[in-house]
Amino acid sequence: SLDFWRLLYALLKQIHGGKWTECDAIDHQIRFVKSALWYHGYGRPELYRLPSDGSAGSRELLLAFSWLLHRLSLLEQLLARNRVKIGDETSVCTCEDDLPKSQKGTTEIAPAYGLEDRIDVRYLQWLNGRLRFQWRSLHAQHQEQCKLLHKIHLFTSGSHTDQNLGHFSVTETDLVRQPENYKQLLQLLESETMQLEAFLEWKQLEPVYWQWMETVLDNMAEEGDSCESHDAHGEKSRLPKATSCCPWAESLTGQIDRLSRDLMTLRDQLHELVTHRKAAWCEKVKTREEKLQKEGFSATARKIQESVELKLLELTDLCAPKKKKLHGLYRLVFRSKHPASKTGFGRSVSKEPAAAVSATEVIRELQMREASLERELKQLREECRQRLDAIAEGLDGVICVSP
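Criteria and thresholds
- Residues numbered from 1 in each chain as written.
- Predicted model: local features only at pLDDT ≥ 70, side-chain atom pairs only at ≥ 80, totals over all residues.
- Heavy atoms only, no water.
- Helix = DSSP H or I, 4+ residues; strand = E, 2+ residues; numbered from the N terminus.
- Expected span 1.5 Å × (residues − 1).
- Buried < 20%, exposed > 50% of the residue type's maximum accessible area, 1.4 Å probe, protein only.
- Contact = heavy atoms within 4.5 Å.
- Salt bridge = Lys/Arg side-chain N within 4 Å of Asp/Glu carboxyl O.
- Phe/Tyr/Trp six-rings, centres within 6.5 Å; stacked < 30°, edge-to-face > 60°.
- Axes fitted to C-alpha atoms, helices over the stretch in contact; angles between N-to-C directions.
- Parallel < 35°, antiparallel > 145°, perpendicular 65-115°, else oblique.
- Left-handed = near helix turned anticlockwise from the far one by under 90°.
- Nonpolar A, V, L, I, M, F, W, Y, C, P; charged D, E, K, R; others polar.
- Patch = residues over 30% accessible without salt bridge, like charges linked within 9 Å, V, L, I, M, F, W, Y side chains within 5 Å.
- Areas by Shrake-Rupley, 256 points an atom, 1.4 Å probe, with all protein chains shown as cover.

### Some words on helix H2 (residues 26-39)
And then number 1: Over its 14 residues, H2 extends 20 Å from the first C-alpha to the last, a length consistent with the 20 Å expected when each residue adds 1.5 Å.
And then number 2: Every buried residue of H2 is accounted for by Gln-29, Ile-30, Val-33, Lys-34, Ala-36, Leu-37 and Trp-38.
And then number 3: Buried-residue contacts for H2 involve helix H1 (2-15), helix H3 (45-48) and helix H4 (58-71).
And then number 4: The first or second residue beyond H2 is Gly-41, which carries a positive phi of 100°.

Structure below.
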């Protein structure tokens, strides 16, 4: 159990970008593992009930480890974090948080981390201001890094043997300036190659591992059923015989089928209604534009159209099947202003144009996310204002003036 706790601690520390040392106390490691698993949505209560000295729970830890392999693609994330950096990457994330915002009924099994005393709101305001300042500093440093990277790409343009790339990376430029560093780079590449070979070997043996995990789950389910039957032996004899054949299963399946048909019908009706209203609004806008014919109308209409397009795109994205969002490190590739080339960045350089991701596409995704967050912020502010008004009404002799 102790070795398994240490393994999960080391892996999760790398995933969260932190440093880990073997000298950390075991209770600290266990608390961190429980917190990280809770953060990622692991909701099995038996794990959080394990003792903090690491004396038990090897099978629960095996289940948690397997859950991380399947849910978070743990090995792929480790390979991505430990690969040799070329210095030309930038982080892009257009995906939304998939974690549930609230887990009702399971908060009691969360790790016991709470504030013992109430914190002054002025301290929270100070922390918020400090966070905003550090965010601005980070943004300024990132802009400076992009300017320097642009200079490297511009000055080394046409020097690379790969015509699709055309320029050196930061690592290649540093190697040209300091050739003595090639031994260190060679060691890093050899280490990454060993990790990739181990990963390929794991992929060949992975089906055997999951077959074994199925037997582990079956054994745990049998043990759980035997414990429940032993605890409820006195009550089982008093249960009616009809409960053993699950009489509600067929009714529940029928309800699910009816609900599915109703949802499909509702979707078709909404699609038809949206099409009809869109045609009606286009006709009204066309008539209105012909009547006004003013200078400011075109600019105002263009802004309204962009706003409506963003909302419609967001609705389309919610209704359509979930596509793979951009997330992770992407390599920046310099493109000239020639019409034949497109400005973009991709994970890898390839002769196929599909390997590149257009910057305009990323900007469009971020604009949609920004609009969604602004609407959510506005709604939360309104809710807070209403709550403050309700609290203020209960205070006698106090006058509250809104800022």
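There is more to say, and it comes next.
### What to know about unusual backbone geometry
And then number 1: With a phi angle near 50°, Ser-73 is a residue other than glycine that sits in the positive phi range.
And then number 2: Mapping Ser-73 onto the fold places it in the loop between H4 and helix H5 (74-82).
And then number 3: Under the relative-accessibility criterion, Ser-73 is labelled partly exposed at 32%.

### Section: the pattern of salt bridges
If the charged atoms of two oppositely charged side chains come close together, the side chains can form a pair.
And then number 1: With the rule as written, the count across this model stands at 9 salt bridges.
And then number 2: In this structure, the salt-bridge partner of Asp-389 is Arg-385, at a minimum N-O distance of 3.0 Å. Of this pair, Asp-389 and Arg-385 both sit in helix H12 (residues 359-393), separated by 4 residues, roughly a single helical turn.
And then number 3: On the accessibility criterion, Arg-385 (39% relative accessible area) is partly exposed.
And then number 4: Beyond isolated ion pairs, a larger network of salt bridges with shared partners links Arg-44, Glu-46 and Glu-60.

### Quick word on the packing of aromatic side chains
Two numbers describe a pair of aromatic rings. These are the distance of the centres and the angle of the planes.
And then number 1: The full count for this structure, using the stated rule, is 8 aromatic pairs.
And then number 2: Ring geometry for Trp-38 against Tyr-48: centres 5.5 Å apart, planes inclined by 85°, an arrangement best described as edge-to-face. Here Trp-38 is found in helix H2, whereas its partner Tyr-48 is found in helix H3, with 10 residues between them in sequence.
And then number 3: What links up through ring pairs into an aromatic cluster is the set Trp-202, Tyr-209, Trp-210 and Trp-212.

### What about the packing of H1 against H4?
And then number 1: Where H1 meets H4, the closest approach of the two axes is 10 Å, and the angle between their N-to-C directions is 25°. In terms of axis orientation, H1 runs roughly parallel to H4. The interaxial crossing formed by H1 with H4 has left-handed handedness. Listed contacts from H4 to Phe-4, Trp-5, Leu-8, Leu-11 and Leu-12 of H1 are Ser-58, Leu-61, Leu-62, Phe-65 and Leu-68.
And then number 2: The residue inventory of the contact of H1 with H4, partitioned by class, reads 9 nonpolar, 1 polar and no charged.

### Considering a nonpolar patch on the surface
And then number 1: On the surface, Ile-119, Val-121, Tyr-123, Leu-124, Trp-126 and Leu-127 cluster together into a nonpolar patch covering about 560 Å² of accessible area.
And then number 2: Mapping Tyr-123 onto the fold places it in helix H6 (residues 121-155).

That is the geometry; function is a separate question.
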